[in-house]
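# Descriptive structure summary
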Amino acid sequence: MLTLLAVVFVVSGALIAGAAWGIYGHLPKKLEGFLVALAGGALLLSVTTELIEPSIEKSSLLHAMLGVAAGALVFTVTDYLIDERWSSESGGGLLAAITLDGIPENLALGVALIGAGSMEVAALAGSILLSNLPEAAGGAKSMAEAGRSKGRVMLLWIATAALLSAAAIIGNMLLDEAGEGTLAIIRCFAAGAVVASLATEVFPKAYREDAHLAGVATAIGVILAFVLGSLGGG
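Okay, so let's go over this structure. (Residues numbered from 1 in each chain as written. Predicted model: local features only at pLDDT ≥ 70, side-chain atom pairs only at ≥ 80, totals over all residues. Heavy atoms only, no water.)

Another point: the pattern of salt bridges. Taken as a whole and assessed by the stated rule, the structure comprises two salt bridges. With its nearest N and O atoms 4.0 Å apart, the salt bridge here joins Glu 209 to Lys 29. Separated by 180 residues along the polypeptide, Glu 209 in helix α7 (residues 180–209) and Lys 29 in helix α2 (residues 29–58) bring together distant segments of the chain. In this structure, Glu 32 engages Lys 205 in a salt bridge whose closest nitrogen and oxygen atoms are separated by 2.9 Å. Placement of Glu 32 in helix α2 and of Lys 205 in helix α7 is noted, with a sequence separation of 173 residues between them. (Salt bridge = Lys/Arg side-chain N within 4 Å of Asp/Glu carboxyl O. Helix = DSSP H or I, 4+ residues; strand = E, 2+ residues; numbered from the N terminus.)

Laid out in structure tokens, this is it:
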């Protein structure tokens, strides 16, 4: 439990730190794009090696395929509803847009920690942390620039961090006795949602902000994920 709380605290704390950076600090567009691409590369490799591959090894290819497909489909439909149907000014739509990426990631983090030591989830936790920092910084900066109160924007990100922390803790506690088939589907559902978010939200944003170095930053992110994976014994 202490390992879970420590990892969740660090990962969710990155959201708050990133939001504070975006609201009160200076975040150039090109730097934002570079960081987003770097985080995306790390997260893409991590969900593959830390979620999908272990699910195939411990369960079956069918479970992994079903989970990834379902996660990608749910993300895509929800993302469409946020962009096309829900008002971006409404609190519910705004909160959904912010948490859509984070809930699958943190649920997967909680599940990944079941029966694992702290170093075994280094790649996944590190990649989510790298992703949270620029995502929160860019999102909070955009909200503040749109005329919203800086204090309210900060409170919204703090509440989001608390919600995502709860997702990781609940995922870990409620699924502790689940079978490998169930865990495989859940892990891969989370992985599918994250992969879809990278394709539709993260990499397009990175390319818009820093077209020339987005590819290099993504490759660096992949290398960082390999390093984190080797620390965890992957």
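With 27 residues, the main nonpolar core has Val 7, Val 11, Leu 43, Val 47 and Leu 109 as its most contacted residues. Elements with a contribution of two residues or more to this core: α1 (2–24), α2, α4 (91–112), α5 (122–145), α7 and α8 (214–231). Core analysis: the second largest hydrophobic core is formed by 11 residues, Ala 136, Met 143, Met 154 and Ala 161 among them. (Core = buried A, V, L, I, M, F, W, Y, C linked by side-chain atoms within 4.5 Å. Buried < 20%, exposed > 50% of the residue type's maximum accessible area, 1.4 Å probe, protein only.)

Under the 1.5 Å per step criterion, the end-to-end length of α7 is 41 Å for 30 residues, consistent within 8% with the ideal 44 Å. The largest bend along α7 reaches roughly 45° and is located at Leu 198. (Expected span 1.5 Å × (residues − 1). Bend = angle between axes of the 7 residues up to and from the residue.)

All right, on to the environment of Leu 31 then. Tracing the chain through its elements places Leu 31 in helix α2. We classify Leu 31 as partly exposed; its relative accessible area is 35%. With 175 residues separating them in the primary sequence, Leu 31 and Ala 206 have C-alpha atoms 9.5 Å apart.

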